[in-house]
Amino acid sequence: MVQRVAVVGAGAGGLASVKCCLAEGLEPTCFESSEDIGGVWRYTDSTDSRRITVYRSVITNTSKEMSCFSDFPFPEDFPNYLPHSLVLEYLRMYARHFDLLRHIRLQTTVLSVRKCPDFSTSGRWEVVTESRGVRESHVFDAVMVCTGHYQEPYLPLASFPGIESRFKGQYLHSWEYRDVQAFRGKRVLVLGIGNTGGDLSVELSRVAEKVFLSTRSHTWVVSRVSDHGFPLDMVSTTRFNSLLDWLLPSALTRRIKFWKFNSWFNHTNYGLASSKSSKFKMIINEELPFCLLSGTVVLKPNVKEFTESSAVFEDGTTEGNIDVVLFATGYNFSFPFLEESVGGTIHDNRSLYNCIFPPQLEQPTLAIIGLIQLTGSIMVGSEMQARWVTGVFAGWNKLPPPSRMMAEVLKRKPAVKRNPSERENLKMSFISYVDKIAACAGVKPSVLRLLLTDPQLGLAIFFGPCSPYQYRLEGRGSWSGARAAILTQWQRSLRPLRTRMLGDSSSSSWGWSWMCLLALPAALTAAWLCSKHPQPGWSPR
């Protein structure tokens, strides 16, 4: 019987885990090595502690309505896309509202997590911690690891001949970047075109003499601002769109997406991506196309080698007088405190049952929270994981036997440990994954039932944003405010923009209501068909 639970890390995933433990009547103790909560969202100017943090100018890529905890919306007056300071303020509000702080031990580092001698029958773990030079040993019935996947900077120096032996300039990883001051007037080469690489290239272009952005992948660039000015994820992350992705041939859906991407600007003309490529990534950046168009950022292919002051690229071109090379190459994860028999088997999330449970354990009392990459908010996915895991610990949710979990994991063919750019290919559909875990937890909404019993809500769930509130409508942990939160989410997204009211300002709610009314028969038919022919990507039940 699980009662005492150790939670490692007090970032977003750790806070959600503590809260979910309390909701299930468990006794959590959260260990946080730094002096405060917030994880990567607690910005600091210092790099001395090697604690991973966001950079000063970061803005979220997912909107507030699609990123909040499922029973705790962001304040209405918060902007749709948030700076790190407001995300941290929100996490503090969440911790205070649910009285989580008294369960968190700050400045306490977890040194080791090892099975107790009777683990095969008890499932217990010995956890050794250190705080201010004092070591303690504890025994817990279960452990939730919430350290995420932003842990160790990935610096692939061996992939760039000459960077260490010949290059006389400076090179650093993006985790050391805080702001532009140190780069003023310099010629900077950014390696990697993920979201961080795009953001930093744009920011540096305002003060640097020249910025070169090197990439080896096909990349589609999209804007946070979507149709009619609404947040991109609120418009695109819907159950209706997910259903279309399942129904239509993959080649056709890919062509539609490429057409949509190119409707903003032709990516081939900018050297970013070709519609003929089968492998590609997508980043969110409104300013990068203009920087490329104005020449303040120059796109280059992969670097072949470095000389004393130049970078030689794979297409034979050379850029000289490079002052700084900035590696925007992502992060590795590791669990050095886990005993080798457990931590050494986790190569990526495919090594875990449903990306959470190590399948080889005799007792399912260890859970890895937040080791996921989704097309939506990781914070929402982590909370759903925590809800399911604590339900398992409390005995409400059941897991298959270890042999079956191992078989499921082997089907996914986990490979050797991958670098961050390769793990990008393991990014999962937000709706598919969160729905899967919600079904395991017994909290996935029944779209068909809602369309029949509450058409207004059912249509909002089917055609509208797949926001976190949907997972609080039914099952354990349901929230009485979920229905109202879903039906007012569009208004809340507009609320922070109402700083100057115009005489003809009008809401789109009437058009939305009429569209939903006309679409009810089609939605019922689609939900009924999917209930008869369930598939892995989308299901109404």
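Residues numbered from 1 in each chain as written. Predicted model: local features only at pLDDT ≥ 70, side-chain atom pairs only at ≥ 80, totals over all residues. Heavy atoms only, no water.

Looking up the protein chain in an unreviewed UniProt entry gives the name Flavin-containing monooxygenase 1, with the organism given as Quiscalus mexicanus. UniProt, in the comment section headed Sequence similarities (unreviewed entry), describes the protein chain in these words: "Belongs to the FMO family." UniProt, in its Cofactor (unreviewed entry) section for the protein chain, records the words "FAD". (UniProt positions renumbered as here; feature names shortened; annotations may be inferred.)

A.B. asks: Residues and numbers for the packing of aromatic side chains, please.
C.D. replies: The final tally for this structure, using the stated rule, is 31 aromatic pairs. Relative to W388, the ring of F357 has its centre 5.4 Å away and its plane inclined at 90°; by these criteria the two rings are edge-to-face. On the criterion of sequence distance, the pair formed by F357 in the loop between α10 (340–343) and β20 (366–368) and W388 in helix α11 (residues 378–394) is long-range, its members being 31 residues apart. A relative accessible area of 1% means that F357 is categorised as buried. A cation sits over an aromatic face here: R224 above Y81, 5.8 Å from the ring centre. Its guanidinium or amino end placed over the ring of W396, R476 lies 4.0 Å from that ring's centre, counting from NZ or CZ. (Phe/Tyr/Trp six-rings, centres within 6.5 Å; stacked < 30°, edge-to-face > 60°. Helix = DSSP H or I, 4+ residues; strand = E, 2+ residues; numbered from the N terminus. Buried < 20%, exposed > 50% of the residue type's maximum accessible area, 1.4 Å probe, protein only. Lys NZ or Arg CZ within 6 Å of the ring centre and 35° of its normal.)

A.B. asks: Which residues make up the domain arrangement of the protein chain, and what values go with them?
C.D. replies: Each assigned domain of the protein chain is listed with its residue range as follows: domain 1 (4–151 + 333–428) and domain 2 (156–329). One C-alpha centre belongs to domain 1, the other to domain 2, and the line joining them spans 29 Å. Counting from both sides, the interface comprises 24 residues of domain 1 and, opposite them, 20 residues of domain 2. Buried surface at the junction of domain 1 and domain 2, both sides included, amounts to about 1,900 Å², of which 51% is carbon and sulfur. The largest per-residue losses of area from domain 1 upon contact with domain 2 belong to Y55, N61 and Y81, which jointly make up 33% of the total buried on that side. At the surface where domain 1 touches domain 2, the tally comes to 1 salt bridge. For the salt bridge of R56 with D179, the shortest nitrogen-to-oxygen distance reads 3.1 Å. In this structure, the connection of domain 1 to domain 2 is made through 12 residue pairs in polar contact (both at pLDDT 80 or more). (Domains from an automatic or database assignment. Contact = heavy atoms within 4.5 Å. Buried area = accessible area lost by both parts, 1.4 Å probe. Salt bridge = Lys/Arg side-chain N within 4 Å of Asp/Glu carboxyl O. Polar contact = N/O pair within 3.5 Å; in protein donor to acceptor, adjacent residues only side chain to side chain.)

A.B. asks: I'd like a rundown of the environment of R254, residues and numbers included.
C.D. replies: Inspection of the secondary structure puts R254 in helix α8 (residues 250–262). Residue R254 is classed as partly exposed on the basis of its relative accessible area of 32%. Remark: the alpha-carbon pair of R254 and N302, spanning 48 residues in sequence, is separated by 25 Å.

A.B. asks: With reference to specific residues and values, describe the pattern of salt bridges.
C.D. replies: One pass over the structure, following the stated rule, counts 26 salt bridges. Among the salt bridges present, the one from D141 reaches R124, with a minimum N-O distance of 3.3 Å. Here R124 lies in the loop between α4 (119–122) and β5 (125–131) and D141 lies in the loop between β6 (134–140) and β7 (142–145), a separation of 17 residues in the sequence. Overall, the relative accessible area of 39% leaves R124 in the partly exposed class. For R166, the salt bridge identified is with E305, shortest N-O distance 3.1 Å. One end of the pair, R166, is in the loop between β8 (152–153) and β9 (170–173); the other, E305, is in strand β15 (residues 303–306), with 139 residues separating them in the sequence.

A.B. asks: Report on the packing of helix α1 (residues 12–23) against helix α3 (residues 84–97), specifying residues and quantitative values.
C.D. replies: Each pair of packed helices can be summarised by the angle the axes make with each other and by the distance between the axes. Where α1 meets α3, the axes come as close as 11 Å, and the angle between the chain directions of the two elements is 15°. Between α1 and α3, the angle falls in the class roughly parallel. For the element pair α1 and α3, the recorded crossing hand is left-handed. In this structure, α1 contributes A12, L15, A16 and K19 to the contact, and α3 contributes L91, Y94 and A95. Grouping the amino acids of the contact of α1 with α3 by side-chain chemistry returns 6 nonpolar, no polar and 1 charged. (Axes fitted to C-alpha atoms, helices over the stretch in contact; angles between N-to-C directions. Parallel < 35°, antiparallel > 145°, perpendicular 65-115°, else oblique. Left-handed = near helix turned anticlockwise from the far one by under 90°. Nonpolar A, V, L, I, M, F, W, Y, C, P; charged D, E, K, R; others polar.)

A.B. asks: Describe in detail the state of the cysteines, supporting the description with residues and values.
C.D. replies: Scanning the model with the defined rule gives 0 disulfides in all. Here C21 stays free of any disulfide, with the sulfur of C20 as its closest cysteine sulfur at 7.4 Å. (Disulfide = S-S within 2.5 Å.)

A.B. asks: Report on a nonpolar patch on the surface, specifying residues and quantitative values.
C.D. replies: Taken together, the side chains of F240, L244, W246 and L247 make up a nonpolar region of the molecular surface, amounting to roughly 340 Å² of accessible area. On the secondary structure map, L244 appears in helix α7 (residues 239–247). (Patch = residues over 30% accessible without salt bridge, like charges linked within 9 Å, V, L, I, M, F, W, Y side chains within 5 Å. Areas by Shrake-Rupley, 256 points an atom, 1.4 Å probe, with all protein chains shown as cover.)

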